[in-house]
Amino acid sequence: MIDPKLLRQSATDVAANLARRGYEFDAGAYLSLEERRKSLQVETEQLQSERNASAKRIGAAKAEGEDIEPLLAAVKDLGDRLAVGETALQKVQAELRDIELDLPNLLDQSVPDGTDECDNAEVRSWGEPAALVFNARDHIELGESLGMLDFEAASKISGSRFVVMKGPLARLQRALIQFMLDTHIEEHGYEETYVPYLVQEQALVGTSQLPKFEEDLFKTETETPFYLIPTAEVPVTNLARDAIFEADELPKQYVAHTPCFRSEAGSYGKDTRGLIRQHQFEKVELVHFVIADDSMAALESLTGHAETILQKLQLPYRVVALCAGDVGFGATKTYDIEVWLPGQQKYREISSCSNYNDFQARRMQARRRNPASGKPELIHTLNGSGVAAGRALVAVMENNQNNDGSIRIPAVLQPYMGGLQVIA
RNA sequence: GGAGAGAUGGCUGAGUGGUCGAAAGCGCUCCCCUGCUAAGGGAGUAAGGGCUAAUACCCCUUCGAGGGUUCGAAUCCCUCUCUCUCCGCCA
């Protein structure tokens with residue numbers, strides 16, 4: 001959520017910033033609604049104040065044994081007037097909140113212009129795509145011929161966009177997850193967390209998947225509905241909900257491995273085959289809570305932590321700064337890390353690292369106490385994949401394939417594979 | 001699933017219709033006292049929102065959540081959620 005005070009005071013500046021995303025914010029309509037809110041709120045609070053004062057007078061008079069009938073008569077219609085005002089105020093406030101919850105975050109000035117992923121700016125790249133002497137196979141062909149990826153079996157059980165993995169390949173994904181967790185815990189200073197995979201609406205409003213993107217989520221039909229998490233960002237970031245951190249508690253860095261569940265509504269034609277886009281996938285997620293001044297530096301270090309994983313796996317990648325039109329709803333700035341996939345002969349997203357500044361914090365009431373003023377102020381939140389395990393598996397398979405269809409296991413993963421060096 | 005108890009400020013815990021945003025204690029902050037420490041004395045110490053140039057005044061809201069009764073609700077009524085104890089079941 002954008003600061004409502006900023007919306008009031010600088011609505012046209014906000015509109016100009018959001019226009020970079022291609023988002024149209026009707027500042028005039030907002031401001032007229034806001035003006036209505038102001039007069040209604042001032043009026044209603046005035047009536048509440050009168051009610052409180054008269055209740056006290058009546059109480060005092062009664063204690064003195066005086067006749068309170070005249071006082072009661074004087075406030076006879078106050079309750080009705082108040083009820084009318086309160087109802088009207090609540091309605092306007094709800095309308096304003098709906099608008100505010102629907103507004104994307106302001107973009108950082110360093111975000112490059114552009115409308116879609118074609119305009120993203122490469123920041124750096126690492127490693128060289130290998131020149132394979134034979135025709136590179138994709139992970140589907142590799143996995144199926146090894147007998148270790150079974151999309152048909154998954155389809156029988158659950159339909160499309162699911163997979164069954166078997167044997168050393170299933171273990172390889174687990175090895176990747178373990179390796180990533182251990183690296184972040186031991187080398188990057190993260191605290192490991194285990195979190196719920198089912199969350200309530202409020203948590204998703206906090207991280208801004210709701211109310212706008214409900215169709216992307218799986219929802220249970222229980223009495224109070226649960227949503228399956230689309231990313232560990234949701235439960236982990238909500239650890240800061242309604243919290244006031246003391247000065248020495250920040251920064252915080254959390255890592256979590258979870259499955260992620262996405263309906264993929266609206267992506268029907270995309271990546272229909274293989275592991276790239278599944279309803280269920282494994283991911284290691286990094287989350288930072290920092291003070292406002294530190295969030296841009298934290299974005300750089302978080303992105304670096306994800307890059308370290310790919311470097312240790314010897315996977316070629318590049319880092320791109322998402323352009324204005326491609327930055328996600330709640331982020332102020334995002335780097336995507338794209339790994340080279342020989343089977344597709346292109347770079348594909350394997351991690352997305354975002355600074356949300358106070359956007360999620362405001363929705364969650366996530367604060368820290370400023371030691372100088374003693375007052376609570378909003379923290380900044382960040383998150384990024386460190387990295388997506390399913391896609392990392394794809395990258396390892398395709399980049400480490402041999403001519404005979406066997407797959408070399410990266411050295412850093414071999415300890416997690418019982419010393420196995422090749423999957424054949 | 002059955003039976004019972006409970007939910008109050010950072011913590012413990014009073015408070016069953018009126019001046020209660022809320023006693024007391026603990027914790028924390030500042031000051032005094034003290035050679036240091038310990039002990040002691042005094043003052044302060046919730047969050048969100050409105051108004052505003054203001055993190056100054058002032059005002060509003062909040063005692064698990066939502067509704068109701070009332071001039072007035074932490075206190076009375078209804079619904080829900082959660083926590084704890086015992087029994088059953090289960091990983």
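See the structure shown above.
Notes on the structure follow. (Residues numbered from 1 in each chain as written. Chains lettered and ligands numbered in written order. Predicted model: local features only at pLDDT ≥ 70, side-chain atom pairs only at ≥ 80, totals over all residues. Heavy atoms only, no water.)

Notes on a negative patch on the surface
A cluster of acidic residues, Glu64, Glu66, Asp67 and Glu69, forms a negative patch on the protein surface. Within the secondary structure layout, Glu69 lies in helix 4 (residues 69–74). (Patch = residues over 30% accessible without salt bridge, like charges linked within 9 Å, V, L, I, M, F, W, Y side chains within 5 Å. Areas by Shrake-Rupley, 256 points an atom, 1.4 Å probe, with all protein chains shown as cover. Salt bridge = Lys/Arg side-chain N within 4 Å of Asp/Glu carboxyl O. Lys, Arg positive; Asp, Glu negative; His and termini not counted. Charge placed at Lys NZ, Arg CZ, Asp CG, Glu CD. Helix = DSSP H or I, 4+ residues; strand = E, 2+ residues; numbered from the N terminus.)

A few points about the pattern of salt bridges
In this structure the tally under the stated criterion is 19 salt bridges. For the salt bridge of Glu34 with Arg37, the shortest nitrogen-to-oxygen distance reads 2.2 Å. Of this pair, Glu34 and Arg37 are both found in helix 3 (residues 27–63), three residues apart, which corresponds to roughly one turn of the helix. The same class applies to Glu34 and to Arg37, which are both buried. For Asp150, the salt bridge is made with Lys166, and the minimal N-O distance between the two is 4.0 Å. With Asp150 in strand 2 (residues 149–150) and Lys166 in the loop between strand 3 (164–165) and helix 8 (167–186), this pair connects stretches of sequence that are 16 residues apart. By relative accessible area, which is 23% here, Asp150 ends up partly exposed. Among the charged side chains, a network of salt bridges with common partners joins Glu264, Asp271, Arg277 and Arg348. (Buried < 20%, exposed > 50% of the residue type's maximum accessible area, 1.4 Å probe, protein only.)

Quick word on the environment of Ala247
Positionally, Ala247 belongs in the loop between strand 7 (244–245) and strand 8 (252–261). Residue class for Ala247 comes out partly exposed when judged on its relative accessible area of 37%. The sequence separation of Ala247 and Ala361 amounts to 114 residues, and the corresponding C-alpha distance is 16 Å. Apart from residues lying up to four places away in sequence, Ala247 is in contact with Arg369 and Pro371. (Contact = heavy atoms within 4.5 Å.)

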